Amino acid sequence: MTPAGRLLFWIKAAFVGDAALAAFGAILLATGAERPAVWVFVFVGVRVALGVAALVIAIHALDRGDPNDDRPSSVR
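This text gives an overview of the structure that appears in the document. Source: prediction; values computed, not measured.

### With respect to the overall build of the chain
1) Next: The secondary structure content of the chain amounts to two helices and zero strands.
2) Next: Counting only contacts in the chain whose residues sit at least 6 apart along the sequence, the fraction spanning at least 24 positions is 63%.

### Side note on the packing of aromatic side chains
1) Next: Summed over all chains, the structure comprises one aromatic pair.
2) Next: Considering the side-chain rings of Phe9 and Trp10, the 5.0 Å spacing of their centres and the 75 degrees angle between planes classify their relative orientation as edge-to-face.

### A closer look at the side chain of Asp18
1) Next: With respect to the helices and strands, the residue Asp18 is situated in helix 1 (residues 3-30).
2) Next: Among all residues touching Asp18, those that are not within four sequence positions of it are Val44, Arg47 and Val48.

### With respect to a nonpolar patch on the surface
1) Next: Together, Val38, Trp39, Val42, Val46 and Leu50 give the surface a local cluster of nonpolar side chains, amounting to about 520 Å² of exposed area.
2) Next: Tracing the backbone shows Leu50 in helix 2 (residues 34-64).
3) Next: Owing to a relative accessible area of 58%, Leu50 belongs among the exposed residues under this scheme.

### Quick notes on helix 1
1) Next: Counted at 1.5 Å a residue, the expected span for helix 1 with its 28 residues is 40 Å, and the 41 Å between its end C-alpha atoms agrees.
2) Next: Along helix 1, the residues that are buried comprise Ala4, Ile11, Asp18, Gly25 and Leu28.
3) Next: Packed against the buried residues of helix 1 are helix 2.
4) Next: The first or second residue beyond helix 1 is Gly32, which carries a positive phi of 100 degrees.

Conventions adopted
Residues numbered from 1 in each chain as written. Predicted model: local features only at pLDDT ≥ 70, side-chain atom pairs only at ≥ 80, totals over all residues. Heavy atoms only, no water. Helix = DSSP H or I, 4+ residues; strand = E, 2+ residues; numbered from the N terminus. Contact = heavy atoms within 4.5 Å. Phe/Tyr/Trp six-rings, centres within 6.5 Å; stacked < 30°, edge-to-face > 60°. Patch = residues over 30% accessible without salt bridge, like charges linked within 9 Å, V, L, I, M, F, W, Y side chains within 5 Å. Areas by Shrake-Rupley, 256 points an atom, 1.4 Å probe, with all protein chains shown as cover. Salt bridge = Lys/Arg side-chain N within 4 Å of Asp/Glu carboxyl O. Buried < 20%, exposed > 50% of the residue type's maximum accessible area, 1.4 Å probe, protein only. Expected span 1.5 Å × (residues − 1).

So, in structure tokens, the structure goes:
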């Protein structure tokens, strides 16, 4: 798997986690715990906003590189 593929996998995995947290918030809301549900939804909203920003940055970074590059990733 290329470094680009690994990066996109982990960003997508974070969105799956956000969906699970939102489902938990919906369960809290359905059981009548409104205040904790609102805080869970606020937390999920912040995580989603950060995830979208990371995805946009990753897409722009990957556009500059070779998508078929299978060399080990390095920090520059």
